[in-house]
Amino acid sequence: MFKGFKDFLMRGNVVDLAVAVVIGSAFTAIVTAFTNGLIKPLISTIGGTDAAKGLGYQIFQNNQATFLDFGGVINAAINFVLVAAVVYFVIVLPVKHVQERRKRGQEPGPSEPTDVELLIEIRDLLRAQSQRGTGRD
């Protein structure tokens with residue numbers, strides 16, 4: 001059971017997909033912070049609501065909605081770099097190491113079904129197909 005699970009995890013596309021989801025989530029945080037912290041206040045120069053205070057620049061002193069929040073963007077960028085580093089060192093690097101060992105033959109790859117297992121599967125499929133054709137269940 002665990003060998004099958006390990007074989008599933010060692011497929012390159014599963015790991016790549018997991019990394020893409022995590023990096024995509026972190027990148028979404030950067031984009032959200034950029035739009036909320038920089039673009040939204042620029043639009044708010046016409047008029048709007050208050051923006052959060054922090055590291056930034058107030059464009060118009062009498063309009064609190066024109067605050068450019070550089071702190072939020074920097075925070076999201078740092079978050080992205082930290083998440084990417086953790087994903088790389090905890091997931092990508094160990095998987096790459098295992099894949100290199102498999103290429104060198106030091107660790108066996110995913111197990112292939114034996115001839116007997118394939119024949120049993122074919123027999124069972126043919127039996128199920130013939131039972132459906134005769135109306136027997």
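Keep in mind that this is a model prediction, so the values were computed, not measured. (Residues numbered from 1 in each chain as written. Predicted model: local features only at pLDDT ≥ 70, side-chain atom pairs only at ≥ 80, totals over all residues. Heavy atoms only, no water.)

Further remarks concern the overall build of the protein. A count of helical and extended segments in the protein gives 4 helices and 2 strands. Per-residue burial over the protein gives 18% buried out of 137 residues. Carbon and sulfur atoms make up 66% of the accessible area of the protein, which totals about 10,100 Å². (Helix = DSSP H or I, 4+ residues; strand = E, 2+ residues; numbered from the N terminus. Buried < 20%, exposed > 50% of the residue type's maximum accessible area, 1.4 Å probe, protein only. Areas by Shrake-Rupley, 256 points an atom, 1.4 Å probe, with all protein chains shown as cover.)

Counted under the stated rule, the structure contains 1 salt bridge. Arg123 is the salt-bridge partner of Asp124, the closest N and O atoms lying 3.0 Å from each other. (Salt bridge = Lys/Arg side-chain N within 4 Å of Asp/Glu carboxyl O.)

Next up on the list: a nonpolar patch on the surface. A grouping of Val86, Tyr88, Phe89, Val90, Ile91 and Leu93 is seen on the molecular surface, where their side chains present a nonpolar patch of about 540 Å² in accessible area. Mapped onto the elements, Ile91 comes out in helix H3 (residues 70-104). (Patch = residues over 30% accessible without salt bridge, like charges linked within 9 Å, V, L, I, M, F, W, Y side chains within 5 Å.)

Mapping Thr66 onto the fold places it in the loop between strand E1 (56-58) and strand E2 (67-69). For Thr66, the side chain forms a polar contact with the main-chain nitrogen of Phe60, separated by 3.0 Å. From its side chain, Thr66 meets the backbone oxygen of Asn63 in a polar contact 2.7 Å long. (Polar contact = N/O pair within 3.5 Å; in protein donor to acceptor, adjacent residues only side chain to side chain.)

Attention now moves to the environment of Leu38. Mapped onto the elements of the fold, Leu38 is located in helix H2 (residues 12-44). The exposure class assigned to Leu38 is buried, which follows from its relative accessible area of 14%. Along the chain, Leu38 and Gly56 lie 18 residues apart, while their C-alpha atoms are 9.3 Å from each other. Apart from the residues within four sequence positions on either side, Leu38 is in contact with Ala33, Leu68, Asp69, Phe70 and Val73. (Contact = heavy atoms within 4.5 Å.)

Right, let's get into the confidence of the model for the protein. This prediction gives the protein a mean pLDDT of 75; 77% of its residues lie at or above 70. Taken element by element, the predicted model of the protein shows its lowest mean pLDDT in helix H1 (residues 2-10) (73) and its highest in helix H4 (residues 115-134) (85). Contacts of residues 47-52 to residues separated by more than four positions or lying in other chains number 10 contacts, the stretch itself having pLDDT below 50. (pLDDT = per-residue confidence, 0-100.)

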